[in-house]
Protein chains: 2
Amino acid sequence: MSSFLKKRVRIVLVETSHPGNIGAVARSMKTMSLERLYLVNPLIYPSAEATSRASGADDVLAGAQVCRSLNEALEGCSFIVGTSARQRRIEWPLLSARECAQQVSHHASEGDVAIVFGRERSGLKNEELDLCHAMMNIPTSQDYTSLNLASAVQIVAYELFLSCSDIVMRDKDAEEKATHEQMEGFFSHLWEALVATEFLDPQNPGQLKRRLRRIYSRAHLTRNEVNILRGTLTSTLDKTKSL
Amino acid sequence: MSSFLKKRVRIVLVETSHPGNIGAVARSMKTMSLERLYLVNPLIYPSAEATSRASGADDVLAGAQVCRSLNEALEGCSFIVGTSARQRRIEWPLLSARECAQQVSHHASEGDVAIVFGRERSGLKNEELDLCHAMMNIPTSQDYTSLNLASAVQIVAYELFLSCSDIVMRDKDAEEKATHEQMEGFFSHLWEALVATEFLDPQNPGQLKRRLRRIYSRAHLTRNEVNILRGTLTSTLDKTKSL
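What counts, and at which threshold
- Residues numbered from 1 in each chain as written.
- Chains lettered and ligands numbered in written order.
- Predicted model: local features only at pLDDT ≥ 70, side-chain atom pairs only at ≥ 80, totals over all residues.
- Heavy atoms only, no water.
- pLDDT = per-residue confidence, 0-100.
- Helix = DSSP H or I, 4+ residues; strand = E, 2+ residues; numbered from the N terminus.
- Contact = heavy atoms within 4.5 Å.
- Phe/Tyr/Trp six-rings, centres within 6.5 Å; stacked < 30°, edge-to-face > 60°.
- Buried < 20%, exposed > 50% of the residue type's maximum accessible area, 1.4 Å probe, protein only.
- Lys NZ or Arg CZ within 6 Å of the ring centre and 35° of its normal.
- Pairing = 2+ DSSP bridges.
- Axes fitted to C-alpha atoms, helices over the stretch in contact; angles between N-to-C directions.
- Buried area = accessible area lost by both parts, 1.4 Å probe.
- Salt bridge = Lys/Arg side-chain N within 4 Å of Asp/Glu carboxyl O.
- Nonpolar A, V, L, I, M, F, W, Y, C, P; charged D, E, K, R; others polar.

**Observations regarding the confidence of the model for chain A**
Residue and element names in this part refer to chain A. Averaged over all residues, the pLDDT of chain A equals 89, while 93% of them reach at least 70. Element-level mean pLDDT values for chain A span from 76 in helix α1 (residues 2-8) up to 98 in strand β2 (residues 36-40). Throughout residues 168-173 the model reports pLDDT below 50, and contacts reaching past four residues in sequence, or to other chains, amount to four contacts. Across the whole predicted complex the pTM is 0.79, and at the interface the ipTM reaches 0.76.

As C-alpha cells, then:
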C-alpha cells in the first residue's frame, strides 16, 4: 500500500540552511517510498551539493515544490504534524515517531497529510506549530539530541513505511476532515466573533488566540463540524450587530 | 538502560570509502546513546570532513578504534549481526531492524555485541558474514534500496534505543485534564449561550448538541481551556442580555 505514501504524504522542510541536507532528505524519502518534497524558502536551492547527496533520488529532488510560505506548502492538507526536538509545555498531543506514523498512515487513507521539519538550528517557530494538528518528537539520548535533518526524516519515513505495509482502506463514509484553508477561515471567523463580543481585545490578544487554536486543531474537525461552529459564530455576530 | 548501549554495543564499519559518512555515523550513534565505534580499514581517516559531519559527536569519533581486520574489531563479542541490503540465499536467521534490536538488547545484557556495516557500494563479503550470528535487513522500497550508511546506522540505533528504554514521551508538566463535572458545566453553559444567540432552538435541538459534544470531548480539554471557553460564552451572554 505504499501508493498512499507516494501520493498523500508530504515532507515539508522549512528554511533549510544546508543544501546537502535537502539532497540527503530526498534520498531518505525515496528509500521508504515517499516522493512529495516541499521546500519552504530554502536558503540555497537548487544546488550541486543537494543533487550529489540525493544520489539516485534526484527525481524526488527535481519534483520538489518550492514554496514562499508554510501556508502554501500545506494547502489541501487535512492532517499536519510538526516536529520538535524539545518537549515544550504545550497542549498538543505529543506523538513519538512510531505513533506519528500510525496516525499519518490512518489519515493518509482519507486525504493529504504533511509532516513539517523546521530549521536545522532552531526548529519550528510557535506560529508555525500553530498550524499543526499534532506534534512529533523522535526519542533520543538526553545528553545529545542533535539529530541531523535527513536522519530525522529517515526515521520518520522508515516508521511510515512499516506502518503502511499493513494499512487497511478506511470506511469511505467517514466524514472528510477540514482542510488547512477551511480551518484558517474558521479561525478568522472566530476572532471576528470574539472581538464583537468583546472577549478578545484585538490590540492585546495575549495567548488567547494561540490557546484557542490549539483546542480546535486538536479536535481535528470535519468539514461539517467547521460549518456547525461557523454557524454559531454567524448567529453571535448577527446578534451583536443588531445592538 | 542506555548504559547497556554505551558499554556493550559496538558499531563496526568495514572499509568505509567516504569520510563524511564516518562522521555522520558517529552523530547518528550519539543521538541514540551509542558510543563504541570501530573502523576496519577506513579509506580516509582521520579527516576534517568526518569531524565536520560528526558535529557535536566528535567525542565518539575521537574514541573510535581503528582496526586492521574485522576479526580484531569483533574481539570479545558474544553476539554479532551483519547487515545486508540484499536478501541472500543463506542459512542465517534474517532479522528486520526491529527484531535485530530486540535480540541485540537481549544479548547485550550478557556480553559485548557488534553490528557490522559493509562498504557503501558492495556491502559485506561472504567471508565477513561468516563471522556473524545473524543477518539484518532494513526494510526499504523495492524500487530504491540505496540507504545511506549513516541513515542505516541511524535506523538501527533508533530501534536499539527504543528497545532498551521505557521512554515516557509525555510531558510531565501537562496541565490537568478537565473532570467530567467540569465538562458538563461547560456544556450547560454552551447550550445557554447558543440559545441566547438563537443558534439553537431548545424545542428542537436535532443532532447539534451531540455533534458539539463530540468536538469538545475529542479535544480532551484541560481545566484552563474549559475556563477560557467559558469566558467566551460569558461575554456572549453578557452581550445578548444587554439587548
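**As for the packing of aromatic side chains**
Within this structure, the stated rule accounts for seven aromatic pairs over all chains. Ring geometry for F187 of chain A and W191 of chain A: centres 5.7 Å apart, planes at 20 degrees, overall stacked. Of this pair, F187 of chain A and W191 of chain A both sit in helix α9 (residues 180-196), four residues apart, which is roughly one turn of that helix. Here F187 of chain A matches W191 of chain A in class, with each residue buried. Taken together, the ring pairs connect F186, F187, W191 and Y216 of chain A together with F186, F187, W191 and Y216 of chain B into an aromatic cluster. When the ring centre of Y144 of chain A is taken as origin, the NZ or CZ atom of K30 of chain B, which lies over that ring, is 4.8 Å away.

**Some words on the sheet that holds strand β6 (residues 112-117) of chain B**
Residue and element names in this part refer to chain B. Overall, parallel pairing links the seven strands, which are arranged β3-β2-β1-β6-β4-β7-β5 in an open sheet. Every interior strand has two partners, whereas the edge strands, β3 (65-67) and β5 (94-96), have only one. The average undirected angle you get between the axes of adjacent strands in this sheet is 30 degrees. Bridging between strand β4 (residues 77-83) and β6 involves five bridges; their strand directions are parallel.

**Things to note about the interface of chain B and chain A**
You'll often see interface size given as the accessible area lost when the parts meet. Contacts between the two partners involve 64 residues from chain B and, on the opposite side, 69 residues from chain A. At the boundary of chain B with chain A, total buried surface from both sides reaches about 5500 Å², with 58% on carbon and sulfur atoms. Between chain B and chain A we count six salt bridges in total. Close ionic contact of E159 of chain B with R98 of chain A constitutes a salt bridge, the shortest N to O distance being 3.0 Å. Secondary structure elements with two or more residues in the side of chain B that touches chain A: α2 (19-31), α3 (48-54), α6 (97-108), α8 (149-163), α9 (180-196), α10 (208-218) and α11 (223-241) of chain B. Ranked by the residues each element gives to the side of chain B that touches chain A, the list is headed by α11 of chain B, at ten residues. Within the side of chain B that touches chain A, the residues separate by chemical class into 26 nonpolar, 22 polar and 16 charged.

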